[in-house]
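Breakdown of the fold
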Amino acid sequence: MASTTATAAEGRPREEAPRAKGTLYRGDLGMWSWVAHRITGVLTFFFLFVHVLDTALVRVSPNAYDTVINTYKHPLMIVFELGLLAAVLFHAFNGIRVMLVDFWSRGPRLQRPMLWTVLVLWLVLIIPAAISMIARAATELFGG
Amino acid sequence: MTAPTTNASTETADLPSDAPPIPEGSTMVTVKIERYNPEVDDDLHWESYRIPALPSDRVLNLLHYIKWYIDGTLTFRRSCAHGVCGSDAMRINGVNRLACKVLMKDMFAKKGETTITVEPIKGLPVEKDLLVNMEPFFEAYKAIKPYLVATGNDPTRERIQSVAERERFDDTTKCILCAACTTSCPVYWSEGSYFGPAAIVNAHRFIFDSRDEAAEERLDILNDIDGVWRCRTTFNCTDACPRGIQVTKAIQEVKRALMFRRR
């Protein structure tokens, strides 16, 4: 009894029904902290990956290792160093927040104050670090 | 008859002649709705309607206005219209809300024209306009056995429970199964097989009920790969719940029960 006209009249089968994509979901602050946690996690992983590679170079040849490490001493590497610090610091503090949400009975209720605490701690540590690192790089680049 | 919808975003220039007179104190607002008619459309598309709104209107009233006076084909669910039945969950200005609980006075733009976007809830197949197929949602709900399981003879009068014992799961008794939480969850959007917050909330309601005897069974079900461990504590569900249930907290309590209560 199956006919092609019947399926056309019934419209498309359920499995093919579209799902709403629409606009960006304007989720809770917790959603954005989760997004940031993932991004900083991946960034940290990439650093570790590169770090394992450059350290492994010592086994290949100490000279190659020295060359690579010397390129890291370039003042412009400060951008990566600062980025790494920012990523690790956020990931560490937010990781503690996530653990408190998981294991502390009052955690879920205090997730937002805890996120603000994470951000304040992060800023308190990252601003002086950024100032001193950028100042050092500037002196090296432009002479002091 | 209204003209068949096209894929182009259309704006109704004037209100229809049979529309009721614009009440005093109302403001013209633009309602942008993501629409889909499976009989004529290939995909979802936006349509805009410029209609009057009173500060005391709910978003649901605006949808009624469009359906009754501009385009009768606009499809959405609603039953009680008072935030109890949970049928009109939709995405309003980017977040899941019940259309009957969002007051227009909270929606007016501080400056300039007010635009309100209305979309179907995410992660479930769209049947037509704002109406989605809720079957996957209810399947997850049924899977956690959302009913009292007790053995032995039934008591002659009632199953006695202390005030403290009742209080233990009070928060999760408030669920109206509107799916606002489940469809606000980023994990649910991408992992179609995740039980979702609503199913876990309803499992919590029985797991922590002193009269129920199937807590271990429900914990086993939720210990599955698609169970509570999928939760990434984004708190979207807690923010979306129209009944103010601490959804994430309930999920975390189930996680902790799995870790510490069982041997």
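Residues numbered from 1 in each chain as written. Chains lettered and ligands numbered in written order. Predicted model: local features only at pLDDT ≥ 70, side-chain atom pairs only at ≥ 80, totals over all residues. Heavy atoms only, no water.

What counts, and what does not: UniProt positions are given in the numbering used here, feature names are shortened, and annotations may be inferred rather than shown by experiment.
Under an unreviewed UniProt entry, the name given to chain B is succinate dehydrogenase, and the source organism is Actinopolyspora xinjiangensis. UniProt, in its Sequence similarities (unreviewed entry) section for chain B, records the words "Belongs to the succinate dehydrogenase/fumarate reductase iron-sulfur protein family."

Looking at an unreviewed UniProt entry, chain A carries the name Succinate dehydrogenase subunit C, with the source organism given as Actinopolyspora xinjiangensis. The UniProt entry for chain A carries the following comment under Sequence similarities (unreviewed entry): "Belongs to the cytochrome b560 family." UniProt's Cofactor (unreviewed entry) comment on chain A is quoted here verbatim: "heme".

1. Examining the pairing of strand E3 (residues 89–92) of chain B
Residues and elements named next belong to chain B. Filter applied, for reference: Using a 1.4 Å probe on the protein chains alone, a residue whose accessible area is under 20% of its type maximum counts as buried, one over 50% counts as exposed, and one in between counts as partly exposed. Under the scheme used here, helices are H or I runs from DSSP no shorter than 4 residues and strands are E runs no shorter than 2 residues, and both carry numbers assigned from the N terminus. The pairing criterion for strands is at least two bridges between them, as found by DSSP.
By the alternation rule, side chains of E3 split into Ala89 and Arg91 and Met90 and Ile92, which are all buried. As judged from the four bridges shared by E3 and strand E4 (residues 95–98), these two strands associate in the antiparallel manner. Each bridged residue has a counterpart across the sheet, and for arginine 91 the counterpart in E4 is asparagine 96. Between E3 and E4, which pair antiparallel and follow one another directly, the connecting turn spans two residues, one of which, asparagine 93, has a positive phi of 50°. The pairing of E3 with strand E5 (residues 114–119) spans two bridges and is antiparallel.

2. Here's the deal with the pattern of salt bridges
Residues and elements named next belong to chain B. Note the threshold: In what follows, salt bridge is the name for a side-chain nitrogen of Lys or Arg lying within 4 Å of a carboxyl oxygen of Asp or Glu.
Enumeration over the complete set of coordinates arrives at 19 salt bridges over all chains. The partner of aspartate 209 in a salt bridge is arginine 211, with the nearest N and O atoms 3.0 Å apart. The salt bridge involving arginine 230 is made with aspartate 226; its shortest N-O contact spans 3.7 Å. We note that arginine 230, like aspartate 226, is buried. Linked by salt bridges that have partners in common, Arg35, Asp71 and Asp129 make up one network.

3. Considering the domain arrangement of chain B
Residues and elements named next belong to chain B. The cut-off we apply is this: Throughout, the edges of the domains are those of an automatic or database domain assignment. Two residues form a contact once any of their heavy atoms are found within 4.5 Å. Each of two parts loses accessible area, computed with a 1.4 Å probe, when they are put together; buried area is these two losses added. What qualifies as a polar contact is a pair of N or O atoms within 3.5 Å, subject to a donor-acceptor requirement within protein and to the restriction that residues adjacent in sequence count only when both atoms come from side chains.
Partitioning chain B into domains gives domain 1 (27–128) and domain 2 (134–149 + 165–260). Taken over C-alpha atoms, the centre of domain 1 sits 28 Å from the centre of domain 2. Between domain 1 and domain 2, the residue contacts involve 16 residues of the former and 16 residues of the latter. Approximately 1,200 Å² of surface area, both sides summed, lies buried where domain 1 meets domain 2, with 60% of it carried by carbon and sulfur atoms. If you sort the residues of domain 1 by the area they bury against domain 2, Asn96, Lys122 and Leu124 come out on top, with a joint share of 40%. At the surface where domain 1 touches domain 2, the tally comes to one salt bridge. As a salt-bridge pair, aspartate 239 and arginine 97 come within 3.8 Å of each other at their nearest N and O atoms. Taken together, the links from domain 1 to domain 2 amount to four residue pairs in polar contact (both at pLDDT 80 or more). Per-element tally for the side of domain 1 that touches domain 2: the top contributor is E4, with four residues.

4. So, the packing of aromatic side chains
Going by this rule: Planes of paired rings set the category: under 30 degrees apart is stacked, over 60 is edge-to-face and the rest tilted, where pairs are Phe, Tyr or Trp rings (Trp by its six-membered ring) whose centres lie within 6.5 Å.
Tallying each qualifying case throughout the model produces six aromatic pairs over all chains. For the pair tyrosine 65 of chain B and tyrosine 69 of chain B, a centre-to-centre distance of 5.1 Å together with 65° between the ring planes defines the contact as edge-to-face. With tyrosine 65 of chain B and tyrosine 69 of chain B both in helix H1 (residues 59–70), this residue pair falls four residues apart, about one helical turn. Seen from their ring centres, phenylalanine 137 of chain B and phenylalanine 138 of chain B are 5.2 Å apart, and the 70° between their planes marks the pair as edge-to-face. An aromatic cluster of at least three residues, connected via ring pairs, comprises Phe45, Phe46 and Phe49 of chain A.

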